[in-house]
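# What the coordinates show
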Amino acid sequence: MSSGAIMIWLVVLLSQTAILLAQDAQVFFLQTTVSVEETNDSSFTLNVRKTGNIDTSITILIAPIENIQSDFGVPYTQTREISAGNEVETFGTTWNIRNDDIPEGDEVFIFELSDLSGSEQVVISQAIVRVTILANDDA
Ligand SMILES: [Ca+2]
Ligand SMILES: [Ca+2]
């Protein structure tokens, strides 16, 4: 191979590596399960982390997969913006519990990261967290 051909080969190799690195950004839940008691003023926090580099800011929706306003009150969805850059960014979203009058067993809800917009460089790598509102038989 001539030195010119080697140079071209190196440039191709480096640009492919750069594309791979650029796609390496991830957004994910830090927990897989969370439990919370159903009492007045109780709440829980879902932690989300972004790793890897993104050139533009992104937005992401954090929400239960079904409408569960009766158990969580409002707002029951949250949208967050994550700024461009290379830093590891972690943020918590806090959710309030509605203390209803119904005696219940454990109530399980799935919360999801979705609707990622603003960049093709990011993948959602842990999209689901299971939230359990613990049984409160005395309503
Ligand atoms: Ca309930
Ligand atoms: Ca209840």
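A brief structural summary. One numbering rule holds for all chains: residues counted from 1, following each sequence as written. Think of it this way: whatever chain is written first is A, whatever ligand is written first is 1, and the rest follow in order. Where local features are concerned, this predicted model is filtered to residues with pLDDT of at least 70; where side-chain atom pairs are given and counted, the filter is 80 or more; whole-chain, interface and lining totals use all residues. Only hydrogens and water are removed before side-chain values are computed, so all heavy atoms of the structure are retained for them.

## Examining the overall build of the protein
A run of DSSP states H or I qualifies as a helix once it reaches four residues; a run of E qualifies as a strand once it reaches two. Both are numbered from the N-terminal end. Assigned secondary structure in the protein consists of two helices and nine strands. Start at the N end of the protein and walk to the C end: the helices and strands fall as α-β-β-β-β-α-β-β-β-β-β. Here the contacts in the protein between residues at least 6 apart in sequence split such that 73% fall between residues at least 24 apart. A total accessible area of about 8100 Å² is found for the protein, and carbon and sulfur atoms account for 52% of it. Contacts are assigned to residue pairs with any non-hydrogen atoms lying within 4.5 Å of each other. Residue burial considers only the protein chains on display, and all accessible areas are found by Shrake-Rupley using a 1.4 Å probe.

## Describing the sheet that holds strand β8 (residues 122-126)
On the basis of which strands lie adjacent, the open sheet formed by four strands has the order β6-β3-β1-β8 and mixed pairing. Strands with a single pairing partner mark the edges of an open sheet, and in this sheet they are β6 (89-96) and β8. Within the sheet, the average angular offset between the axes of one strand and its neighbour, ignoring direction, is 20 degrees. Relative to β8, strand β1 (residues 25-29) is paired through four bridges, and the arrangement is parallel. What sits directly across from V27, in β8, is I124. Being paired, for any two strands, means DSSP has found at least two bridges between them. Comment: axis = line fitted to C-alpha atoms, over the contacting stretch for helices; angle = value between 0 and 180 degrees taken between N-to-C directions.

## Regarding the coordination of the calcium ion (ligand 1)
Only N, O and S atoms count as donors, using a 2.8 Å cut-off from the metal and 3.2 Å for Na, K and Ca, and because water is excluded some sites may appear unfinished. For the calcium ion (ligand 1), every protein donor is listed as E38 (OE), D71 (OD), D100 (OD), E104 (OE), E104 (OE), E107 (OE) and E107 (OE), and the spread of their distances is 2.3 to 3.1 Å. In the primary sequence, the donor residues of the calcium ion (ligand 1) line up as E-x32-D-x28-D-x3-E-x2-E. Separating the calcium ion (ligand 1) from the calcium ion (ligand 2) is a gap of 4.1 Å, bridged by E38, which donates to each. Pair noted here: D71 is in helix α2 (residues 69-72) and D100 is in the loop between β6 and β7 (107-117), with a separation of 29 residues, a long-range link.

## What about the nonpolar core?
We define a nonpolar core as any set of buried Ala, Val, Leu, Ile, Met, Phe, Trp, Tyr and Cys residues linked to one another through side-chain atoms lying within 4.5 Å. Only protein chains enter the calculation, and the probe is 1.4 Å; a residue is then buried if its accessible area is under 20% of its type maximum, exposed if over 50%, and partly exposed in between. Of all hydrophobic cores here, the largest spans 25 residues; its most connected members are V27, F44, L46, F72 and F111. For this core, the elements supplying multiple residues, two or more each, are β1, β2 (33-36), β3 (43-51), β4 (58-64), β6, β7 and β9 (128-133). Filtering out sequence-adjacent residues up to four positions away, F72 remains in contact with F44, N96, I97, R98, F109, F111, V131 and I133.

## Considering the environment of E104
Within the fold, E104 resides in the loop between β6 and β7. Sequence spacing of E104 and D138 is 34 residues, and the spatial spacing of their C-alpha atoms is 8.1 Å. Sequence-distant contacts of E104, defined by excluding residues within four places in its chain, comprise E38, D71, A135, N136 and D137.

## Quick look at the coordination of the calcium ion (ligand 2)
Listed as protein donors to the calcium ion (ligand 2) are E38 (OE), D100 (OD), I102 (O), E104 (OE), N136 (OD1) and N136 (ND2); their distances from the metal cover 2.2 to 3.2 Å. Note on geometry labels: four donors, all angles 85 to 135 degrees, give tetrahedral; four donors become square planar and six octahedral when opposite donors are over 155 degrees apart and every other angle is between 65 and 115; remaining cases are irregular. Relative to the metal, the six donor atoms surrounding the calcium ion (ligand 2) lie at angles of 43 to 178 degrees, and the coordination shape comes out irregular.

## Digging into a nonpolar patch on the surface
Residues with no salt bridge and a relative accessible area higher than 30% make up the patches, which join like charges within 9 Å and nonpolar side chains (Val, Leu, Ile, Met, Phe, Trp, Tyr) within 5 Å. What makes a salt bridge here is a side-chain nitrogen of Lys or Arg within 4 Å of a carboxyl oxygen of Asp or Glu, nothing more. Together, I6, M7, W9 and L10 make up a nonpolar patch on the protein surface, roughly 400 Å² of accessible area in all. Relative to the assigned elements, I6 resides in helix α1 (residues 3-22).

## Re the side chain of Q78
Along the chain, Q78 turns up in strand β5 (residues 78-82). Since its relative accessible area comes to 14%, Q78 is described here as buried. Polar contact is defined as a pair of N or O atoms within 3.5 Å, subject to the rule that within protein one atom must be able to donate a hydrogen and the other to accept it, and that residues adjacent in sequence are counted only when both atoms are side-chain atoms. At 2.9 Å, the side chain of Q78 and the backbone oxygen of T94 are in polar contact. Those residues in contact with Q78, other than ones at most four positions away along the chain, are I60, L61, I62, T93, T94 and W95.

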